[in-house]
Amino acid sequence: MADKLQKGIQRTVELVEDENKLFNLFSRQISKEVAQELLDKDGIVPSELRFVSVMFIDIRNFTGYAEMQEPEAIVEFQNAFFAIITGVVHKYEGIVNQFLGDGCMITFGAPVNVDNPSANAVNTALEINKIIDDKITKGELHRFTIGIGIHCGDAVTGNIGTILKSEYSITGGVVILAARIESENKTYGTKILISKEAMQAASIKELEMVSVGASHLKGWSHTVDLYKLA
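The model shown is predicted, which means the values in this text are computed figures rather than measured ones.

**Details of the pairing of strand β3 (residues 103–108)**
The buried fraction of β3 amounts to six of the six residues, a majority that puts the element mostly inside the structure. Where burial is concerned, the two faces of β3 agree: the one with Gly-103, Met-105 and Thr-107 and the one with Cys-104, Ile-106 and Phe-108 are both buried. Where strand β2 (residues 94–99) lies against β3, five bridges are found, and the strand directions are antiparallel. Opposite Phe-99, over in β3, you have Cys-104 as the bridge partner. If you look at the hairpin formed by β2 and β3, you'll find three residues sitting between the two strands, and Gly-101 has a positive phi there, around 85°.

**Overview of the nonpolar core**
Across soluble globular proteins, you tend to see nonpolar side chains buried next to one another. In terms of nonpolar packing, the biggest core is built from 40 residues, with Met-55, Ile-57, Phe-81, Ile-85, Ile-106, Phe-144 and Ile-150 touching the most fellow members. Where this core is concerned, the elements lending two or more residues are β1 (48–59), α3 (62–67), α4 (71–91), β3, α5 (117–137), β4 (146–161), β6 (192–195) and α7 (196–202). Leave out the neighbours within four places in its chain, and Ile-57 touches Phe-81, Ile-85, Asp-102, Gly-103, Cys-104, Ile-106, Ile-128, Gly-147 and Ile-148. Counting residues in each nonpolar core, the second largest holds ten residues, with Val-52, Phe-56, Met-105 and Val-175 among its members.

**With respect to the packing of α4 against α5**
The interhelical angle for the contact between α4 and α5, taken along N-to-C directions, is 145°, at an axis separation of 10 Å. As for how α4 packs across α5, the hand of that crossing is right-handed. In this structure, α4 contributes Phe-81, Ile-84, Ile-85, Val-88, Val-89 and Lys-91 to the contact, and α5 contributes Thr-124, Glu-127, Ile-128, Ile-131, Ile-132 and Lys-135. Looking at the contact of α4 with α5, its residues break down into eight nonpolar, one polar and three charged.

**Structural notes on the side chain of Glu-184**
If you trace the backbone, Glu-184 turns up in helix α6 (residues 173–188). In contact with Glu-184, other than residues within four places in its own chain, are Leu-193, Ser-215, Leu-217 and Leu-226.

**Description of α4**
Over its 21 residues, α4 runs 30 Å from end to end, which matches the ideal 30 Å to within 8%, given 1.5 Å per residue. Among the residues of α4, Ile-74, Phe-77, Gln-78, Phe-81, Phe-82, Ile-84, Ile-85, Val-88 and Val-89 are the ones counted as buried. End-on, the buried residues of α4 take up no more than an arc of 145°, which puts them together on one face. Those residues of α4 that are exposed and aimed more than 90 degrees away from the buried face are Glu-72, Glu-76, Asn-79, His-90 and Lys-91. Glu-93 sits one or two residues past α4 and shows a positive phi near 60°.

**What to know about the pattern of salt bridges**
Enumeration over the complete set of coordinates arrives at seven salt bridges. Across the pair Asp-133 and Lys-191 runs a salt bridge, and its minimum N-O distance is 3.2 Å. Here the residue Asp-133 occupies a position in helix α5, and Lys-191 occupies one in the loop between α6 and β6, the gap between them amounting to 58 residues. Through salt bridges with shared partners, a single network forms among Asp-58, Arg-60 and Glu-182.

**Comments concerning the packing of aromatic side chains**
Enumeration according to the criterion identifies eight aromatic pairs in this entry. Seen from their ring centres, Phe-62 and Phe-77 are 6.3 Å apart, and the 20° between their planes marks the pair as stacked. Here Phe-77 lies in helix α4 and Phe-62 lies in helix α3, a separation of 15 residues in the sequence. Linked through ring pairs, Phe-62, Tyr-65, Phe-77, Phe-81, Phe-82, Phe-99 and Phe-144 together constitute an aromatic cluster.

**With respect to unusual backbone geometry**
Omega for the bond connecting Ala-110 with Pro-111 falls within 30 degrees of zero, at -5°, which places this linkage in the cis form. Within the secondary structure, Pro-111 sits in the loop between β3 and α5. Despite not being glycine, Asn-61 has its phi angle at roughly 55°, a positive value. Structurally, Asn-61 is set in the loop between β1 and α3. Under the relative-accessibility criterion, Asn-61 is labelled exposed at 67%. Of note in the backbone geometry, Glu-93 takes a positive phi value of approximately 60° without being a glycine. Relative to the elements of secondary structure, Glu-93 occurs in the loop between α4 and β2. Judged by its relative accessible area of 43%, Glu-93 falls in the partly exposed class.

Basis of the calculations
Counting restarts for each chain, with residues numbered from 1 along the sequence as it is written. Whole-chain, interface and lining totals are the exception, using all residues; otherwise, since this is a predicted model, local features are given only for residues with pLDDT of at least 70 and side-chain atom pairs are given and counted only at 80 or more. Values shown for side chains rest on all heavy atoms present in the structure; no hydrogens or waters enter the calculation. Using a 1.4 Å probe on the protein chains alone, a residue whose accessible area is under 20% of its type maximum counts as buried, one over 50% counts as exposed, and one in between counts as partly exposed. Where helices and strands are cited, they refer to DSSP runs of H or I of at least four residues and of E of at least two residues respectively, numbered from the N terminus. Two strands are counted as paired when DSSP detects at least two bridges linking them. Working definition of a nonpolar core: buried Ala, Val, Leu, Ile, Met, Phe, Trp, Tyr and Cys residues. They are joined through side-chain atoms within 4.5 Å. Contact definition: two residues touch when any of their heavy atoms are within 4.5 Å. Here, axes are lines fitted to C-alpha atoms. For helices the fit covers the stretch in contact, and angles between N-to-C directions go from 0 to 180 degrees. It is the rotation of the near helix from the far one that decides the hand of a crossing: anticlockwise by less than a right angle makes it left-handed, clockwise makes it right-handed. For this classification, Asp, Glu, Lys and Arg are treated as charged, while Ala, Val, Leu, Ile, Met, Phe, Trp, Tyr, Cys and Pro are nonpolar and the rest, including Gly, are polar. One less than the residue count of a helix, multiplied by 1.5 Å, gives the span that helix is expected to have. The arc refers to the directions leading from the helix axis to the C-beta atoms. Only one rule defines a salt bridge in this text: a Lys or Arg side-chain nitrogen within 4 Å of an Asp or Glu carboxyl oxygen. We call Phe, Tyr and Trp rings a pair once their centres come within 6.5 Å, taking the six-membered ring for Trp, and we label the pair stacked below 30 degrees between planes, edge-to-face above 60, and tilted otherwise.

So, in structure tokens, the structure goes:
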């Protein structure tokens, strides 16, 4: 009986270790928050409307850089860049939805609730910009520029797909507009642009910003008031 009990305990320990290993592997492909949400709900996360702040980050002229580098150097740079991003995003309770090769999409407010998604997004953007500038000054990264766009609003969150293939997704106009705002950094020669809605929702009194006026964004029927943070 003692031998059977010991084997049973050992098997339980092994199962727990296997589950932890699977969770860690799974959460490397998506955020740990999303992985936990999926596990808690048996992989079924119903769609719901949630207020979120969405941020897009892009590395400027990455294609030109990649053309001049060996694959190993490109991967090393990407890993260093995304390590900065994920570290700061995690600090401010956001999730990286997608790595896009030369950038990424980040969401605050889903699936993890936060008190002020827009304030978290702003603080994340400013800290990422500062860390990158500091590392470039110290020679730890080669000189490059980023573009960041932030917008907030209601988005549909939850599983999208079929029984065979589905993924946790954030969709809606807020996502499209955040991406369009990020692109406007090229027009204004800025690094961080935020919509008036996100700026007001963030409600950070000491925030230094400059209005760049009403912008006509691609595919958008009305102008959007934008503010420069860096």
